Amino acid sequence: MLLRAVALRALALVRTLVAALRGRLDALCWSLQPFSLDPLGWSRRPTLSAAAPAGSRWEKEWEAATPTPTSVNYHFTRQCNYKCGFCFHTAKTSFVLPLEEAKRGLEMLKEAGMEKINFSGGEPFLQDRGEFVGKLVQFCKQELKLPSVSIVSNGSLIRERWFKKYGEYLDILAVSCDSFEEEVNALIGRGQGKKSHVEKLQRLRQWCREYAVAFKINSVINRFNVEEDMNQQIQALSPVRWKVFQCLLIEGENCGEDALREAEKFVISDEEFEGFLARHKDISCLVPESNQKMKDSYLILDEYMRFLNCRKGRKEPSRSILDVGVEEAIKYSGFDEKMFLKRGGKYVWSKADMKLDW
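Residues numbered from 1 in each chain as written. Predicted model: local features only at pLDDT ≥ 70, side-chain atom pairs only at ≥ 80, totals over all residues. Heavy atoms only, no water.

## Focus: the side chain of lysine 346
Okay, so step 1: When you line up the elements, lysine 346 lands in the loop between helix 13 (337–342) and helix 14 (351–354).
Okay, so step 2: The class of lysine 346 is buried, set by a relative accessible area of 15%.
Okay, so step 3: In terms of polar contacts, lysine 346 uses its side chain to reach the side chain of glutamate 115, at 2.7 Å. (Helix = DSSP H or I, 4+ residues; strand = E, 2+ residues; numbered from the N terminus. Buried < 20%, exposed > 50% of the residue type's maximum accessible area, 1.4 Å probe, protein only. Polar contact = N/O pair within 3.5 Å; in protein donor to acceptor, adjacent residues only side chain to side chain.)

Have a look at this one:
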């Protein structure tokens, strides 16, 4: 039994080392390889490339394969201190996994091939005043050695002391900002009384520079900001990426009878979204995501560590990876790996590789 336990630990270590090596090599050779890199013959899953013609054997194998959780978005809490009217992951429960159970699930995902983890919510900094997400960030970078660890936050609860304690373990902080006009932010529901969302955004930008964290901005384009010109402000903040989403409806979350939000009044047409993009086309860090690109191209893990399938316009959960394992649960995720690559889901996401002038 002792020998078997030692052998299993050695095998787990080999898997971890191979996954880390594979992630680095894939980042260098992604656009050149018609197959995923296969050190030591560990993974034989084909990776689709532009070289594979539609309807080919490789495309069929790709479609039949179980996807790899390369990049995972873990919404570990649904609670939030903002009330954004278009939110599509609303506070339907107050459940948060115990820290050690969350770590166990993250370790399982790493063993299954995860290279990037993104912590989101709700608002991630609500739980234990940011200590919960800080400990997860440290665990993923220090213990799991993940190439990329990121957080999406509204930014309102982040303090400089958090950066002092956990900043070295965080690759990317994405702050949600839908408008640079406080009146518009108030209409959307992104605000706390007289506190300025835009002023806090600028303060967070400075802290990211001081503590060597890559700074990113996420904006949801909707009825209230679709005519806004954000060129000057985005250029001044100079994020590594400006993710621009088209407002998306998810039944049971922000539309429908059992929803906690009514986002229909925020919805814009494809043409209006394209107009916003055209007005900001000269911003080099712009990353546009229409409803079509967004819908099935994200691996979303909820507060119970269940993958959420959005293919039918609502979030249908798998069983928890803690109960059935990653490979079994991910079969029901609805994840479109081809669309993930097509929308640019794979990019230089480790701050060690970004060569930024902090």
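Resuming the write-up.
## What to know about the pattern of salt bridges
Okay, so step 1: Tallying each qualifying case throughout the model produces 15 salt bridges.
Okay, so step 2: The residue lysine 165 makes a salt bridge to glutamate 131 at a minimum N-O spacing of 3.0 Å. You can see lysine 165 sitting in helix 5 (residues 160–166) and its partner glutamate 131 sitting in helix 4 (residues 131–143), a full 34 residues away along the chain.
Okay, so step 3: Between arginine 190 and aspartate 178 there is a salt bridge, with the nearest N and O atoms lying 2.7 Å from each other. Remark: aspartate 178 occurs in the loop between strand 4 (172–176) and helix 6 (182–188) and arginine 190 occurs in the loop between helix 6 and helix 7 (197–210); sequence separation between them is twelve residues. Neither residue differs from the other here; arginine 190 and aspartate 178 are each classed as buried. (Salt bridge = Lys/Arg side-chain N within 4 Å of Asp/Glu carboxyl O.)

## Digging into a positive patch on the surface
Okay, so step 1: Positive charge collects at one region of the surface, where Arg129, Arg159, Arg161, Lys195 and Arg203 lie side by side.
Okay, so step 2: With relative accessibility at 58%, the residue lysine 195 sits in the exposed group. (Patch = residues over 30% accessible without salt bridge, like charges linked within 9 Å, V, L, I, M, F, W, Y side chains within 5 Å. Areas by Shrake-Rupley, 256 points an atom, 1.4 Å probe, with all protein chains shown as cover. Lys, Arg positive; Asp, Glu negative; His and termini not counted. Charge placed at Lys NZ, Arg CZ, Asp CG, Glu CD.)

## Here we look at the environment of glycine 344
Okay, so step 1: Along the chain, the position of glycine 344 falls in the loop between helix 13 and helix 14.
Okay, so step 2: Judged by its relative accessible area of 25%, glycine 344 falls in the partly exposed class.
Okay, so step 3: Spatially, the C-alpha atoms of glycine 344 and valine 287 are 8.5 Å apart, while their sequence positions differ by 57 residues.

## Quick notes on the nonpolar core
Okay, so step 1: Membership of the largest hydrophobic core comes to 66 residues, with the highest contact counts inside it found for Tyr74, Leu106, Ile117, Phe119, Leu173 and Trp242.
Okay, so step 2: The contact partners of tryptophan 242, leaving out residues within four places of it in the chain, are Ile217, Ser219, Met230, Ile234, Phe276, His280, Ile283, Cys285, Leu286 and Val287.
Okay, so step 3: Formed by 16 residues, the second largest nonpolar core is a distinct cluster that contains Tyr82, Leu248, Phe266 and Met294. (Core = buried A, V, L, I, M, F, W, Y, C linked by side-chain atoms within 4.5 Å. Contact = heavy atoms within 4.5 Å.)

## Some thoughts on the confidence of the model for the chain
Atom-level detail of predicted coordinates should not be read off regions where pLDDT is low.
Okay, so step 1: In the predicted model, the chain carries a mean pLDDT of 85, and 81% of its residues have values of at least 70.
Okay, so step 2: This stretch, residues 14–52, has a pLDDT under 50; its non-local contacts, to residues over four places away or in other chains, come to 46 contacts.
Okay, so step 3: The low-confidence segment residues 58–63, where pLDDT is below 50, has 16 contacts with residues more than four positions distant or belonging to other chains. (pLDDT = per-residue confidence, 0-100.)

## Side note on helix 7
Okay, so step 1: Compared with an ideal rise of 1.5 Å per residue, which puts 14 residues at 20 Å, helix 7 spans 20 Å between its outermost C-alpha atoms and is within 8% of the ideal.
Okay, so step 2: Residues of helix 7 that are buried: His197, Val198, Lys200, Leu201, Leu204, Arg205, Trp207 and Cys208.
Okay, so step 3: On the buried face of helix 7, the contacting elements are helix 5, strand 4, helix 6, strand 5 (214–221) and helix 8 (231–237).
Okay, so step 4: Backbone nitrogen of valine 198 and a side-chain oxygen of the N-cap are separated by 3.5 Å at the start of helix 7; the cap is serine 196.
Okay, so step 5: Trailing helix 7 by a residue or two, alanine 212 shows a phi angle of about 55°, which is positive. (Expected span 1.5 Å × (residues − 1).)

## Remarks on the pairing of strand 6 (residues 241–246)
Sheet faces and side chains relate simply in a regular strand, where the side chains alternate between the two faces.
Okay, so step 1: In terms of burial, strand 6 is largely enclosed, as six of its six residues are buried.
Okay, so step 2: Burial along strand 6 is two-sided: the residues Arg241, Lys243 and Phe245 and Trp242, Val244 and Gln246 are all buried.
Okay, so step 3: For strand 5 and strand 6, the ladder comprises six bridges, and the chain directions are parallel. Within strand 6, the position partnered with asparagine 218 by the bridge is lysine 243.
Okay, so step 4: After leaving strand 5, the chain enters helix 8 and then returns to the sheet as strand 6, a path that is right-handed.
Okay, so step 5: In the sheet, strand 6 pairs with strand 7 (residues 286–289) via four bridges, with the strands oriented parallel. Pairing of phenylalanine 245 across the sheet is with glutamate 289, part of strand 7. (Pairing = 2+ DSSP bridges. Right-handed = clockwise from strand over helix to strand, strands pointing away.)

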